[in-house]
2 protein chains.
Amino acid sequence: MSTTTPTNAKVNNGVNVTALLGAREALEKAPEAAQFKWRAGCEWLNGTHSRSAIGAFFGLGAEQSRDKTFTVEADHPQVFASEDNAPTPVEIVLSGLASCLTAGVAAVAQRRGIQLHSVKATLEADMDLQGILGIDDDVRNGFGAIRVHFDIRADASEDDIKALVAQSQKRSAVFDVVTNPTSVFVTVN
Amino acid sequence: MSTTTPTNAKVNNGVNVTALLGAREALEKAPEAAQFKWRAGCEWLNGTHSRSAIGAFFGLGAEQSRDKTFTVEADHPQVFASEDNAPTPVEIVLSGLASCLTAGVAAVAQRRGIQLHSVKATLEADMDLQGILGIDDDVRNGFGAIRVHFDIRADASEDDIKALVAQSQKRSAVFDVVTNPTSVFVTVN
């Protein structure tokens, strides 16, 4: 990408590509500002029901506060003898994958001068419960496979629409988290 | 685990261990019922803002409907020239990891006869934005590492509390999704 490329003001997908390209240029010169830390706090409510709070993060070399705190609740469904107060943690992860790819489609479309009309993603993930229930140690706890289907209406050819999704996938943070291993370090008290 | 082990009715963490053990026994005899499919639909709203809907899933050999649809919104923050209408997709994934481990702690504590008083998890994940911005192809798009810290008050020794978290981690679906690779198949239109 070159910052001299037109930023396609003729289309409006609600993404400020000029600002994003400026940020890219700034971070290229100051890679330490590109080091972010994302956070979540989670409080157990009862049973399998919990509430996560999402607020401040670190980035651009400084603590970044928000003027609000977001919450995400999770629970298990009634077929697991729970109260179904909220989506399951695995469904929440699917929504994170969906929203990351969708935001990417909008940003890439803006960059490429493609006006979007609608973007809908449908995700389905297989899970063999013999894993988490400890019935079969050869069965993993997580997803077997995830299928994502995009239905996109835009002023572009089918090939250009497919290329939007491919580029989004190539630069998606959550796609990377799901498809590649990440180290998780857990400490207690 | 043996189903003849007492289910510790003396403690109450809000988890129906008797029902869970019954489900485990039933699924051991009918592994096809353990094949679940979790789903999410996502709709682009504007810019990087989207809304995911979570409702029906497949499991126990049948479509499972809920009497409600959950929604999870996502967006990017103002430092990315976005409107900060909702948490970022990566923060949503962190909340999914937190809630999965937390639900596991409650279930294992109930199974082991440990009364919980409070469970709080704090998560922080490193991300080098040079990845998603395409500045450096050697930098991954997702998290560098994730740190999870649990602060648990319970009627148990420190070692027993640590063992709760270790067992939850061992059987957590989202912990597996994050720490191990999962195939994602994307199709368009």
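Look above for the structure.
Residues numbered from 1 in each chain as written. Chains lettered and ligands numbered in written order. Predicted model: local features only at pLDDT ≥ 70, side-chain atom pairs only at ≥ 80, totals over all residues. Heavy atoms only, no water.

Broken down by element type, chain A carries four helices and eight strands. Mapped in sequence order, the helices and strands of chain A form the string α-β-β-β-β-β-α-β-β-α-α-β. If you line up chain A on its principal axes, its C-alpha atoms span 55 × 40 × 30 Å. Partitioning the intrachain contacts of chain A with sequence separation of at least 6 by distance along the chain shows that 50% fall at a separation of at least 24. As displayed, chain A offers around 7,800 Å² of accessible surface, 49% of which is attributable to carbon and sulfur atoms. The averaged location of the 23 negative side-chain charges in chain A is 12 Å from the averaged location of its 17 positive side-chain charges. (Helix = DSSP H or I, 4+ residues; strand = E, 2+ residues; numbered from the N terminus. Contact = heavy atoms within 4.5 Å. Areas by Shrake-Rupley, 256 points an atom, 1.4 Å probe, with all protein chains shown as cover. Lys, Arg positive; Asp, Glu negative; His and termini not counted. Charge placed at Lys NZ, Arg CZ, Asp CG, Glu CD.)

Moving on, we get to helix α3 (residues 158-170) of chain B. Residues and elements named next belong to chain B. Between the first and last C-alpha of α3 there are 19 Å, a value that for 13 residues agrees with the 18 Å anticipated at 1.5 Å per step. Here α3 has its buried residues at I161, L164, V165 and S168. Along the axis of α3, the buried residues cluster in a sector spanning 90°; they form a single face. Away from its buried face, by an angle of more than 90 degrees, α3 presents the exposed residues D159 and K170. (Expected span 1.5 Å × (residues − 1). Buried < 20%, exposed > 50% of the residue type's maximum accessible area, 1.4 Å probe, protein only. Arc of directions from axis to C-beta.)

Each of the two chain copies can be brought onto the other by rotation about an axis and movement along it. The two copies are related by a screw operation: chain A maps onto chain B through 180° of rotation and 0.0 Å of translation along the axis, at an RMSD of 0.0 Å. What we have between these two chains is a two-fold relation. Here 99% of the contact residues of chain A are again contact residues in chain B; the copies associate through an equivalent surface. (Least-squares fit on C-alpha atoms with pLDDT ≥ 70 in both.)

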